[in-house]
Amino acid sequence: MTHSEQVLEQAPTPPAGSAARREWAWARLETPIGPLLLAATREGLAQVLFHADERTTRRALTRLEQLFGGPPLPGIPHLATATAELTAYFSGGLRSFTVPLDWSLSSGFNARVLHALASGVPYGSVVGYQDLADRVGEPGAARAVGAAMGSNPLPVVVPCHRVVASDGGIGGFGGGLETKRLLLALEGVLPAPLF
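Residues numbered from 1 in each chain as written. Predicted model: local features only at pLDDT ≥ 70, side-chain atom pairs only at ≥ 80, totals over all residues. Heavy atoms only, no water.

## Let's talk about the pairing of strand S3 (residues 45–49)
Basically, it comes down to this: Type-normalised accessible area, obtained with a 1.4 Å probe on protein chains alone, sets the label of each residue: buried when under 20%, exposed when over 50%, and partly exposed for intermediate values. A run of H or I in DSSP counts as a helix once it spans at least four residues, and a run of E counts as a strand once it spans at least two, with each numbered from the N terminus. We call two strands paired when DSSP finds no fewer than two bridges between them.
A large share of S3 lies buried, amounting to five of its five residues. Judged from the four bridges that link them, strand S2 (residues 36–41) and S3 form a sheet pairing that is antiparallel. Pairing of Leu-37 across the sheet is with Leu-49, part of S3. Counted along the chain from S2 to the antiparallel partner S3, the turn is three residues long, and its residue Gly-44 has a positive phi close to 160°.

## Topic: the pattern of salt bridges
For the record, the criterion: Take a side-chain nitrogen of Lys or Arg and a carboxyl oxygen of Asp or Glu: if they are within 4 Å of each other, that pair is a salt bridge.
Counted under the stated rule, the structure contains eight salt bridges. Across the salt bridge formed by Glu-187 and Arg-162, the nearest N and O atoms sit 2.8 Å from each other. Note that Glu-187 is positioned in the segment after helix H7 (177–186) and Arg-162 in the loop between helix H6 (142–150) and strand S5 (163–164), a separation of 25 residues in sequence. You can call Glu-187 buried: its relative accessible area is 6%. Among the residues examined, Arg-162 registers a relative accessible area of 5% and is labelled buried. Here the salt bridges share partners, and the residues they tie into one network are Arg-22, Glu-43 and Asp-102.

## Some words on the nonpolar core
How we decide: Only buried Ala, Val, Leu, Ile, Met, Phe, Trp, Tyr and Cys residues count toward a nonpolar core, and they belong to the same one when joined by side-chain atoms within 4.5 Å. Between two residues, a contact is recorded if the distance between any of their heavy atoms is within 4.5 Å.
Leu-117, Leu-132, Met-149 and Val-156 are the most contacted members of the largest nonpolar core, which has 42 residues in total. It is helix H3 (residues 77–90) that provides the largest number of residues to this core, a total of five residues. The residues contacting Leu-117, other than those within four sequence positions of it, are Val-127, Leu-132, Met-149, Val-158, Pro-159, Cys-160 and Val-163. By size, the runner-up hydrophobic cluster in this structure holds twelve residues, among which are Leu-37, Ala-52, Leu-61 and Phe-68.

## Notes on unusual backbone geometry
One non-glycine residue with positive phi stands out, namely His-51, at about 55°. The class of His-51 is partly exposed, set by a relative accessible area of 38%. Of note in this structure, Val-156 is not a glycine but carries a positive phi near 75°.

## Here we look at H3
We apply this condition: The length a helix should cover is 1.5 Å for every residue beyond the first.
With 14 residues, H3 extends 20 Å from end C-alpha to end C-alpha; this agrees with the ideal 20 Å at 1.5 Å per step. Against the buried residues of H3 lie strand S1 (24–29), S2, S3 and H7. Two residues or fewer past H3, Gly-92 is found with a positive phi of approximately 85°.

Interpretation note: all reported values are geometric properties and have no functional meaning in isolation.
Now the structure itself:
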């Protein structure tokens, strides 16, 4: 199972019969780190999935249809905003995302950690797992912070690539370590790859 599939599997599932239909749309965006699948609702960007090949996209769309109670629309304004902002980010022209976020695919401790990450770790900086645990008032939860990063439904926009190990290593990353290195190089934290 890929990281993208794991994130979707971990998403809160509405109780049977209780989910109201939520309007949503999706797009696939080609980027320097590979294709990303983006899904947005009327509330904001809800999902960013790495490695969005045909198989991953098909499985993700099936799961998103279940989560949002029906098929996608052709487009939603937040999806266009997310696509434009991610394109600008990857070209080096954007340092801070303004697209509204729909946090419905995250909850509990994971959501608290991801909110702290999104609001407190700016472009070009990094934070340790332990420091992030301290920031959310859970000093013994560094490992749980790692799990929260793995559950992040909005990678890149909610920058889990900026969370690193306390020993100076870059730590793990659901999108793959090479993807994490490329994102950190784009932001000037690591030197750019030579080739």
